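Chain by chain, the residues run as shown.
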Amino acid sequence: MHDGRFDPSGFYEFNLGGGTVRTRNGDRVMVLSEGVLSSLVAAAARDGDLTPLRRLGELLGDQVLAGLDRPASVLTPEAVLGHVSAVTALFGWGRLTFERWGAALVIALRDKPDLDEDDLGAAALLGGMFSQVSQRQVSCVPAGDARFIMVDFEVAETVWGWFKDGADLPAIVGMLEAKRAS
Amino acid sequence: MSDREDRLRSLLNKVRAKRPDERSTQAADVIERIRTASGAVPAAQPVETTPPSSAGSSMPAGSAPPANAPLSSVPVANAPTPSPLPLRSSSHPAHEPPTSPTVESPTRYSSQPPRVERPLSVEPRARTSRPVSSQSAPVSSASNEPARPASSQPARPISAAPGKPEAIRAESAAPTGQPVVFSTDAPEFPRPKTFGDLLELTLSLRPR
């Protein structure tokens, strides 16, 4: 199994003369304050288009993939978590951990920036990142207490509806069962 | 012992020739320790002042405390908060998540694989025991080891050191003499070995 740890050294390259900040992969990034970003995300959530956040998550996923020497699907959950949590932290999105509730994989994102009331911005970001990491389209649905349950695209709306109706995470997990996707 | 002393003395002379001020005291202390031990030191025991090449070949497997290895290798910066239900690769069903559809607490993942596996695999008797029955009988997954009287066990300086877990013998059983029975039932929630397995599991979830 892959046992390589994420190496954060030299992750960012600051070019003062050129006025750019790039990751070690060459992607140009910008530093935004939480207040500015939250207003942008809140506006995007109101408009129902969180595509930019999902795209940002995909870029984070690219950073994760660049640090892996094998596909994430063949690595241990701990090895993937090590890289994912490191990249998430380096971009200032908080402290990411995995939890397993029954058969469900739940992403906990502590100390994340407060962007929008329903955490849809963070959900879009996580969905994009894990879709890129896993090379499959996944959704991360807010489930309260800075937790996001990872489910298939097809059931994301249903799960979100349960949560909006007041179901907590144990109840949501109890209303799901593992089936082979048709 | 005299050969060993001679070897160490020649090394000490070499070291003195290079750095007389820094190393003479330490090397002399080592020689003094060996001398005062007067044969109590095993021949294979490593000495700090031996060159790395010879020390590596003569170091016994148990010379480094295995319990220290996982502790020193545990990441601090990336380690999530310890959980009462950490994911471990132990195959004992008692660590599985609750089998009820309503799950009240999660299994949390550490960002690095549990390093405790490797030392345990070479030192199975260093495992800590865990009560599984109402009689609180100590049992471990190493209990299928062939029975061996305590007197016939080879001397293990590390496991015999104070503060180490007591050696678990195959005859470990409930105080009543009843054997400890292990369940062979597979856990309801299979334990994913890879991130891909974990993903398949969560993406297969559908409304009941």
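Residues numbered from 1 in each chain as written. Chains lettered and ligands numbered in written order. Predicted model: local features only at pLDDT ≥ 70, side-chain atom pairs only at ≥ 80, totals over all residues.

Engineer: Explain the overall build of chain B here, please?
Structural biologist: What chain B contains, in helices and strands, is six helices and four strands. Mapped in sequence order, the helices and strands of chain B form the string α-α-α-α-β-α-β-β-α-β. Put simply, chain B has 208 residues, and 12% of those count as buried. Residue pairs in contact within chain B that sit at least 24 positions apart in sequence constitute 58% of those at least 6 positions apart. (Helix = DSSP H or I, 4+ residues; strand = E, 2+ residues; numbered from the N terminus. Buried ≥ 20, exposed ≤ 12 C-beta atoms within 10 Å, placed from the backbone. Contact = placed C-beta atoms within 7 Å.)

Engineer: Please explain the sheet that holds strand β1 (residues 12–15) of chain A as it appears in this structure.
Structural biologist: Sheets are built from strands that pair by backbone hydrogen bonding, the pairs being arranged parallel or antiparallel. Residue and element names in this part refer to chain A. Read across the open sheet, the three strands follow the order β1-β2-β3; overall the sheet is antiparallel. Strands with a single pairing partner mark the edges of an open sheet, and in this sheet they are β1 and β3 (28–29). Note that strand β2 (residues 20–23) and β3 share two bridges and pair antiparallel. Residue R22 lies in a different strand from β3, and its bridge partner there is R28. (Pairing = 2+ DSSP bridges.)

Engineer: Looking at this structure, I do not really get helix α1 (residues 34–47) of chain A. What am I missing?
Structural biologist: Residues spaced three or four apart along an α-helix face the same direction, because each turn holds 3.6 residues. Along its 14 residues, α1(A) runs 20 Å from first to last C-alpha, staying within 8% of the 20 Å computed at 1.5 Å per residue. Downstream of α1(A) by a residue or two, A:G48 has a phi angle that is positive, lying close to 75 degrees. (Expected span 1.5 Å × (residues − 1).)

Engineer: Sorry, what's going on with the interface of chain B and chain A here?
Structural biologist: Where the parts come together, the accessible area they lose is often given as the size of the interface. Across the contact, 31 residues belong to chain B and 44 residues belong to chain A. Elements represented by at least two residues in the side of chain B that touches chain A include exactly β1 (107–108), α6 (195–203) and β4 (205–207) of chain B. No other element matches α6(B), which puts seven residues into the side of chain B that touches chain A. Class assignment of the residues belonging to the side of chain B that touches chain A gives a composition of 17 nonpolar, ten polar and four charged. Note that strand β8 (residues 176–178) of chain A and β4(B) share three bridges and pair antiparallel. Bridging across to β4(B), A:A178 finds its partner in B:L205. (Nonpolar A, V, L, I, M, F, W, Y, C, P; charged D, E, K, R; others polar.)

Engineer: I would appreciate a short explanation of the packing of helix α2 (residues 51–66) of chain A against helix α4 (residues 120–134) of chain A in the present structure.
Structural biologist: A pair of packed helices is characterised by two quantities: the angle between their axes and the separation of those axes. All names here are of chain A. One can describe the packing of α2 onto α4 by two numbers: an axis separation of 6 Å at closest approach and a directional angle of 40 degrees. Between α2 and α4, the crossing angle belongs to the class labelled oblique. In this structure, the crossing between α2 and α4 has a hand that is right-handed. Contacts between α2 and α4 involve L53, R54, R55, L56, G57, E58, L60, G61, D62, V64 and L65 from the former and G121, A124, L125, L126, G127, G128, M129, F130, S131, Q132 and V133 from the latter. In the contact of α2 with α4, the residues fall into eleven nonpolar, seven polar and four charged. (Axes fitted to C-alpha atoms, helices over the stretch in contact; angles between N-to-C directions. Parallel < 35°, antiparallel > 145°, perpendicular 65-115°, else oblique. Left-handed = near helix turned anticlockwise from the far one by under 90°.)

Engineer: Teacher, can you tell me more about the pairing of strand β7 (residues 147–152) of chain A here?
Structural biologist: Walk down a regular strand and you will see the side chains alternate between the two sheet faces. All names here are of chain A. Within β7, five of the six residues are buried, which leaves it mostly tucked inside the rest of the structure. As judged from the three bridges shared by strand β5 (residues 104–110) and β7, these two strands associate in the antiparallel manner. Bridge pairing in β7 places V106 opposite I149. When strand β6 (residues 138–142) meets β7, the two strands line up antiparallel, connected through five bridges. Within the sheet, the bridge partner assigned to V138 lies in β7 and is D152. Linking two consecutive strands that pair antiparallel, namely β6 and β7, is a turn of four residues; a positive phi of about 90 degrees is found at G144 within it.

Engineer: Even after reading the chapter, I still don't get the pairing of β1(A), so can you show me in this structure?
Structural biologist: Residue and element names in this part refer to chain A. Sheet topology places β1 next to β2; four bridges connect them, and they run antiparallel. Within β2, the position partnered with N15 by the bridge is T20. With antiparallel pairing between neighbouring strands as the criterion, β1 and β2 make up a hairpin whose turn holds four residues, including G19 at a positive phi of roughly 70 degrees.

Engineer: Before we go on, may I ask you to explain the sheet that holds β6(A) in this structure?
Structural biologist: Ordered in space as β6(A)-β7(A)-β5(A)-β4(A)-β1(B), the five strands form an open sheet in which the pairing is antiparallel. If you trace the sheet from one side to the other, it starts and ends with β6 of chain A together with β1 of chain B, each paired once. The pairing of strand β4 (residues 95–101) of chain A with β5(A) spans seven bridges and is classified as antiparallel. When the bridges of β5(A) are listed, A:T97 appears paired with A:A108.

Engineer: Before we go on, may I ask you to explain the confidence of the model for chain B in this structure?
Structural biologist: Any segment with low pLDDT has predicted coordinates that should not be analysed in fine detail. Residues and elements named next belong to chain B. The pLDDT averaged across chain B works out to 55; a share of 24% of its residues lies at or above 70. Low pLDDT (under 50) marks residues 116–160, which in the prediction has 70 contacts with non-local residues, meaning those over four places away or in another chain. Confidence estimates for the predicted assembly give a pTM of 0.55 and an ipTM of 0.88. (pLDDT = per-residue confidence, 0-100.)

Engineer: What should I look at first to understand the environment of A:A72 in this one?
Structural biologist: By the secondary structure assignment, A:A72 is in the loop between α2 and α3 (77–90). By C-beta crowding, A:A72 is classed as buried, having 25 other C-beta atoms within 10 Å. Remark: the alpha-carbon pair of A:A72 and A:Q135, spanning 63 residues in sequence, is separated by 8.8 Å. Excluding residues within four positions of it along the chain, A:A72 makes contact with A:V80, A:V133, A:S134 and B:F195.

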